[in-house]
Amino acid sequence: MSAPVEPAPTASAERLTSLAKWGAVLLTLVVILLSPRPDGITEPSWRLFAIFAATIVGLIVRPIASGAVVLLGVVAVALTGTLPPAEALRGYADPIVWLVLCAFFMSRAVLKTGLGRRIAYLFIRALGRRSIGLAYALVSTDTLLASIVPSNAARAGGVVFPVARSLAEAYNSTPGSTAARLGSYLMVTVYQCDVIACSMWLTGQASNVLIARLALETTGVDINYLMWIQGAIVPGLLALLIVPWLLFRLYPPEITHTPHATELAQAELAKMGPMSRNESLTLAVFLLVAGMWITTAWHHVNYAIVALVGFSALLLLQVLTWDDVLGERNAWDVFIWYGGLVRMAEALGETGITKAFAEATAGFTAGWAWPAALAALLLVYFYAHYGFASITAHATAMYVPFLVVIMGAGAPTVLAVLLLAYFSNLCAALTHYGTTPAPIYFGARYNTQRAWWRLGFIASLVTITIFSTIGVGWWKILGWW
């Protein structure tokens, strides 16, 4: 059954909606500014908190684009004298922000050269004789690309989604009466596994680097590229094995055998021909950058410099042109909101407000053993994502406060840091608006909202269990807590 088509909103309704969203932002700002300041918090610090909170609300309700919301927050911080202009803009010089920007540019090369599609069809040729094999092939493509492509929209939306839709249509599965033949299963499965792929790599999605930065500033724990994947590899791979199988049992496609999919993949690979010069060069740069990120402890070259080297190599080799760089709108959008949020979050952490929040809320789990407090707070953090349409907004608003409260309850620091980091991604599975690819896959109209939410909730129980048991046990073996 296809999702119902809602009538387009009128211009007056859109204006009212926009005004309501701006009203929520301004109300947040005013309420906090007029509230009594906690003891020990200065007026500029309280004003920074008000602007930051209003910015987060803006990211949630989105009266305008996310980048524009954050830029307005940065302007407000500088204009009100809350931070000097140089300090307000310092986030745009942060190496972490440049790492993300360059990773987006490198992902442009993966898409432009067709390397991503080639990887997808190679997996399909190897695994695609059954519908569950097709799911594993598409999921494998997304997970592999996540090792260097920080845009889950580019990976899951730009590379994997067109292939998944083509496979569904090849078996006459289209939105409506034939959706259940194959498309419904593929769409929901690929999306559910995309959020697992997001959780497995530091480059899995753009906010992961921000989460790692918040963890470092709050606790001193450096979740670098190698540590992130080392911690996620066991629970992540197990989740990627179980979730497609479980969805196959709960939400089976009518077509279970797809022998023609391998023929389709072989035909597409034949059309593409041998790997081109630019594909080969992109793959070489891909391996170089990933290898240098993994071995940073040996050569001590900053992650951002490694990313700049890879990006520069693609320019010098003419795989990318400067027009490609200028046309990468998503990269520049992320640069604007990411740089602004990094600095505001960093400045807020220096004010003492986070500590005050932790002290005020510690009573919620007072007297509890730390495992019980950890479990309760993690569940609250996870399922709060029903109220968020962005991993970034969720993590920026809640990661540090929950991290501080969990550590205050006595939980080991690394355990709290990692579980919150991975849960920040996994929770996006819950809804059809949880992260950027969600509207793409749900919007294909193969699944009803009821089915999407039900399966998302079931998948969440699986991933929470795996990361909280197998993952925690794995980190114990590694000696991290």
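Residues numbered from 1 in each chain as written. Predicted model: local features only at pLDDT ≥ 70, side-chain atom pairs only at ≥ 80, totals over all residues. Heavy atoms only, no water.

Draft legend 1. Structural view of the packing of helix 1 (residues 11-34) against helix 2 (residues 43-61). Between helix 1 and helix 2, whose axes approach to 8 Å, the crossing angle comes to 160°. Between helix 1 and helix 2, the crossing angle belongs to the class labelled roughly antiparallel. Considering how the two elements wind past one another, helix 1 and helix 2 form a crossing that is right-handed. Across from Lys21, Ala24, Val25, Thr28, Leu29, Ile32 and Leu33 in helix 1, the residues of helix 2 making contact are Trp46, Arg47, Phe49, Ala50, Ile51, Ala53, Ala54, Val57, Gly58 and Val61. Its residues assigned to classes, the contact of helix 1 with helix 2 shows 13 nonpolar, two polar and two charged. (Axes fitted to C-alpha atoms, helices over the stretch in contact; angles between N-to-C directions. Helix = DSSP H or I, 4+ residues; strand = E, 2+ residues; numbered from the N terminus. Parallel < 35°, antiparallel > 145°, perpendicular 65-115°, else oblique. Left-handed = near helix turned anticlockwise from the far one by under 90°. Contact = heavy atoms within 4.5 Å. Nonpolar A, V, L, I, M, F, W, Y, C, P; charged D, E, K, R; others polar.)

Draft legend 2. A look at helix 13 (residues 277-294). Spanning 18 residues, helix 13 covers 26 Å between terminal C-alpha atoms, matching the ideal 26 Å at 1.5 Å per step. Taken together, the buried positions of helix 13 are occupied by Glu279, Thr282, Val285, Phe286, Val289, Ala290 and Trp293. Projection of helix 13 onto a plane perpendicular to its axis shows the buried side chains occupying an angular sector of 130°, all on one side. (Expected span 1.5 Å × (residues − 1). Buried < 20%, exposed > 50% of the residue type's maximum accessible area, 1.4 Å probe, protein only. Arc of directions from axis to C-beta.)

Draft legend 3. Spatial organisation of the packing of helix 19 (residues 370-383) against helix 23 (residues 449-477). Where helix 19 contacts helix 23, the axes come no closer than 12 Å and their chain directions differ by 145°. At the point where helix 19 passes helix 23, the crossing takes the right-handed sense. Only Phe457, Ser460, Leu461, Thr463 and Ile464 of helix 23 make contact with helix 19, whose side of the interface consists of Leu379, Phe382 and Tyr383. Split by residue class, the contact of helix 19 with helix 23 holds six nonpolar, two polar and no charged.

Draft legend 4. Focus on the packing of aromatic side chains. According to the stated counting rule, one finds 22 aromatic pairs in the structure shown. Their ring planes at 40° and their centres at 6.0 Å tell us that Trp201 and Tyr225 sit as a pair that is tilted. Here Tyr225 lies in helix 11 (residues 225-250) and Trp201 lies in the loop between helix 9 (183-200) and helix 10 (207-219), a separation of 24 residues in the sequence. Residue Trp201 is classed as buried on the basis of its relative accessible area, which comes to 15%. An angle of 90° between the planes, with centres 5.7 Å apart, marks the rings of Trp228 and Tyr422 as edge-to-face. Of this pair, Trp228 sits in helix 11 while Tyr422 sits in helix 21 (residues 413-426), placing them 194 residues apart in sequence. Given a relative accessible area of 0%, Tyr422 falls into the buried group. Three or more aromatic residues joined by ring pairs form one cluster here, namely Tyr92, Trp98, Phe105, Phe311, Trp332 and Phe335. (Phe/Tyr/Trp six-rings, centres within 6.5 Å; stacked < 30°, edge-to-face > 60°.)

Draft legend 5. Helix 9, seen in detail. For helix 9, which comprises 18 residues, the first-to-last C-alpha distance of 26 Å matches the rise-based estimate of 26 Å (1.5 Å per residue) to within 8%. For helix 9, the tally of buried residues reaches 18 of 18 residues, placing the bulk of the element in the interior.

Draft legend 6. Region of the structure containing unusual backbone geometry. Phi angles above zero are rare outside glycine, and Arg62 is one such case at about 55°. On the secondary structure map, Arg62 appears in the loop between helix 2 and helix 3 (66-79). With a relative accessible area of 44%, Arg62 lands in the partly exposed category. One non-glycine residue, Asn172, lies in the positive phi region at around 55°.

Draft legend 7. Representation of the environment of Tyr303 in the model. Within the secondary structure, Tyr303 sits in helix 15 (residues 303-316). Distance in space between the C-alpha atoms of Tyr303 and Phe467 is 27 Å, their sequence separation being 164 residues. If sequence neighbours within four positions are ignored, Tyr303 has contacts with Leu99, Asn224, Tyr225, Leu226, Trp293 and Thr296.

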